[in-house]
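What the coordinates show
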Amino acid sequence: MELESIIQSSIPTWSSVCILVSYLLYLGLAGSLLPGNDVPGALLQDVTRLRYRCNGLLTLFLLIALLLFGVVFEFISPTVIADRGLELLSTTFCFSVLVTLILYVTGCNSRAKGSSLKSHATGNLIHDWWFGVQLNPHFMGVDLKFFFVRAGMMGWLFINLSVMEKSYKDGSLGQSMILYQLFCGLYILDYFCFEEYMTSTWDIIAERLGFMLVFGDLVWIPFTFSIQGWWLLRNNVELPKAAAVVNILVFLIGYRIFRGANKQKHDFKKDPKAPIWGMPPKVIGGKLLASGYWGVARHCNYLGDLLLALSFSLPCGASSPVPYIYPIYLLILLIWRERRDESRCAQKYREIWSEYCKLVPYRILPYVY
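Residues numbered from 1 in each chain as written. Predicted model: local features only at pLDDT ≥ 70, side-chain atom pairs only at ≥ 80, totals over all residues. Heavy atoms only, no water.

Comments concerning the packing of aromatic side chains
Where we set the bar: Here a Phe, Tyr or Trp ring, Trp counted by its six-membered ring, pairs with any other such ring whose centre lies within 6.5 Å, and the pair is stacked when the planes are under 30 degrees apart, edge-to-face when over 60, and tilted otherwise. Helix and strand assignments come from DSSP, with helices taken as H or I runs of at least 4 residues and strands as E runs of at least 2, each series counted from the N terminus. The classification of residues rests on relative accessible area computed with a 1.4 Å probe and restricted to protein chains. Under 20% of the type maximum is buried, over 50% is exposed, and intermediate values are partly exposed.
Here the structure, examined in full by the defined rule, presents 29 aromatic pairs. Relative to W129, the ring of Y104 lies with its centre 6.4 Å away and its plane at 70 degrees, an arrangement referred to as edge-to-face. Remark: W129 occurs in helix α6 (residues 125-131) and Y104 occurs in helix α5 (residues 85-112); sequence separation between them is 25 residues. Residue classification places Y104 among the buried positions, given a relative accessible area of 18%. For the pair W130 and F211, a centre-to-centre distance of 5.6 Å together with 45 degrees between the ring planes defines the contact as tilted. Here W130 is found in helix α6, whereas its partner F211 is found in helix α10 (residues 211-224), with 81 residues between them in sequence.

Some points on the packing of helix α8 (residues 175-193) against helix α11 (residues 227-234)
Here is the rule we go by: Comment: axis = line fitted to C-alpha atoms, over the contacting stretch for helices; angle = value between 0 and 180 degrees taken between N-to-C directions. Under this scheme an angle from 65 to 115 degrees is roughly perpendicular, one under 35 degrees roughly parallel, and one over 145 degrees roughly antiparallel; angles in between are oblique. Working rule for handedness: look at the near helix, and if it is turned counterclockwise from the far one by less than a right angle, call the crossing left-handed; if clockwise, right-handed. By the convention used here, residues are in contact when the closest approach between their heavy atoms is within 4.5 Å. Lys, Arg, Asp and Glu make up the charged group, whereas Ala, Val, Leu, Ile, Met, Phe, Trp, Tyr, Cys and Pro make up the nonpolar group; the residues left over, Gly among them, are polar.
Where α8 contacts α11, the axes come no closer than 10 Å and their chain directions differ by 165 degrees. What the angle tells us is that α8 and α11 run roughly antiparallel. Between α8 and α11 the crossing geometry is left-handed. Of α11, the residues touching α8 (which contributes S176, M177 and Y180) are Q228, G229, L232 and L233. Residue composition of the contact of α8 with α11, grouped by class: four nonpolar, three polar and no charged.

So, a nonpolar patch on the surface
Operational definition: Surface patches are defined over residues having more than 30% relative accessible area and no salt bridge, joining like charges when they lie within 9 Å and nonpolar side chains (Val, Leu, Ile, Met, Phe, Trp, Tyr) when within 5 Å. Per-residue accessibility takes into account occlusion by the displayed protein chains alone, with areas from the Shrake-Rupley method and a 1.4 Å probe. Any Lys or Arg side-chain nitrogen found within 4 Å of a carboxyl oxygen on Asp or Glu counts as a salt bridge.
Side chains of F69, V71, V72, F73, F75 and I76 sit close together on the surface and give an oily, nonpolar patch of about 600 Å² of accessible area. Inspection of the secondary structure assignment puts I76 in the loop between α3 (56-72) and α4 (80-83).

Remarks on the UniProt feature "transmembrane region" (unreviewed entry) in the protein
To keep things clear, this is the line we draw: UniProt positions are given in the numbering used here, feature names are shortened, and annotations may be inferred rather than shown by experiment.
The UniProt record marks residues 12-34, 55-76, 88-106, 144-163, 178-197, 209-233 and 239-258 with the feature "transmembrane region" (unreviewed entry), using the residue numbering of this structure. Helix and strand shares over residues 12-34 are 87% and 0% respectively, and the end C-alpha atoms of the span are 32 Å apart.

Considerations on the packing of α3 against α8
Relative to each other, α3 and α8 sit at 130 degrees, their axes nearing to 7 Å. Taken together, the axes of α3 and α8 are oblique relative to one another. Counting all contacts with α3, which are made through G56, L57, L60 and F61, the residues of α8 involved are L189, F192 and C193.

Focus on the domain arrangement of the protein
The test is simple: For every domain, the bounds stem from an assignment made automatically or drawn from a database. Defined in terms of a 1.4 Å probe, buried area is the accessible area two parts forfeit on being brought together, summed over both.
As far as domains go, the protein holds domain 1 (1-238) and domain 2 (240-368). Each of domain 1 and domain 2 has a C-alpha centre, and these two points are 23 Å apart. Each partner contributes to the interface: domain 1 provides 31 residues, whereas domain 2 provides 36 residues. Here domain 1 and domain 2 share an interface that buries about 3,000 Å² over both sides, 67% of which is from carbon and sulfur atoms.

Details of the pattern of salt bridges
Pairing between side chains of opposite charge can happen when their charged atoms approach one another. According to the stated counting rule, one finds 14 salt bridges in the structure shown. Residue R337 pairs with E207 through a salt bridge whose shortest N-O separation is 3.7 Å. Separated by 130 residues along the polypeptide, R337 in helix α14 (residues 325-349) and E207 in the loop between α9 (202-205) and α10 bring together distant segments of the chain. Its relative accessible area of 10% is what places R337 among the buried residues.

With respect to the environment of K265
Along the chain, the position of K265 falls in helix α12 (residues 241-270). With relative accessibility at 25%, the residue K265 sits in the partly exposed group. Spatially, the C-alpha atom of K265 lies 9.4 Å from that of T201, the residues being 64 residues apart in sequence. Setting aside residues no more than four positions away along its own chain, K265 makes contact with S200 and W294.

Structural notes on the nonpolar core
To be explicit about the condition: Remark: nonpolar core denotes a set of buried residues (Ala, Val, Leu, Ile, Met, Phe, Trp, Tyr, Cys) joined through side-chain atoms within 4.5 Å.
Counting 94 residues, the largest nonpolar core has F148, M153, W156, Y187, F312 and Y356 as the members making the most contacts within it. Among the elements that make up this core, the one with the highest residue count is helix α7 (residues 144-170) (13 residues). Looking at which domains feed residues into this core, each of domain 1 (1-238) and domain 2 (240-368) supplies at least three. Dropping the residues within four chain positions of it, M153 is found in contact with Y187, I188, Y191, F192 and I221.

Brief notes about the side chain of H266
Here H266 shows up in helix α12. Its relative accessible area of 6% is what places H266 among the buried residues. Beyond its immediate sequence surroundings of up to four residues, H266 is in contact with E196, Y197, T199 and S200.

Structure, rendered in structure tokens:
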């Protein structure tokens, strides 16, 4: 009976379709119309630069204001996402498949017409479906990769807020849920405060837009990254004070490394002579930064990301592996991505990359890996 209920509650409805479509339409309109910093992206293979309007923070605050207005006047329930979680999950999954199919067909048509997309495709149906054919697809002037990441990060926040409201109404809101919500909320707000840093990340620069990114941004980020909140909604956890303090320290250290490394990388790309930790940067071959966090490990930002992911799960205690699905998944993903990035950099920079690897032998965690 329970399985039958789960299946029934997972069937998409018109209500869930309307919620998803309204959300994405708002993001598209707000992202295009609201003022924001016009940020140049990385240099592409055809020596051009895309430009990104970084107005995510304003878009987020306006949406929160609109939702609060709807809650106050009872147009919308604050627990609507928590109440319809499985239904929205399946609806978003179906939408991701549809978008990926459209991107694949559009990319193949462009490739058939002899466009520059040809160099980005393998001709393997499964590979191209998974990774995508187009590197920087746009729709009505909107960069889709940038848009989907924004949708996923905001979706994660609103799922968490809805789950927290449901926890409050159920009378189960405790220390662990508050810690989890605080850590995730600060992380997501930080993302939008420094949204322009996203323009120099692997996803935007090198990853083609296929099912992996569409599913990852629209489904995996909001629904899987929030799994700790869902778990705490049904399981009461009281952490000892010492465990809570350790949890806070893991978050702060992870944030420091994550934000610091990404900032150094972004600032270096804007100004190669900008000081790193108060000293002139050490640069290999005039291209690769080997100072600061990037002189400690070649992908030190991944270490920060992993510590942050762990801090989101620690409030759940150690009674179940379920809340740790996210950090485990992220560990596998980042090691896989790090290997791909190493291969790409070795081909791109050749002997310069070899020199950098000799100077900085550790990949992610110093003295371990």
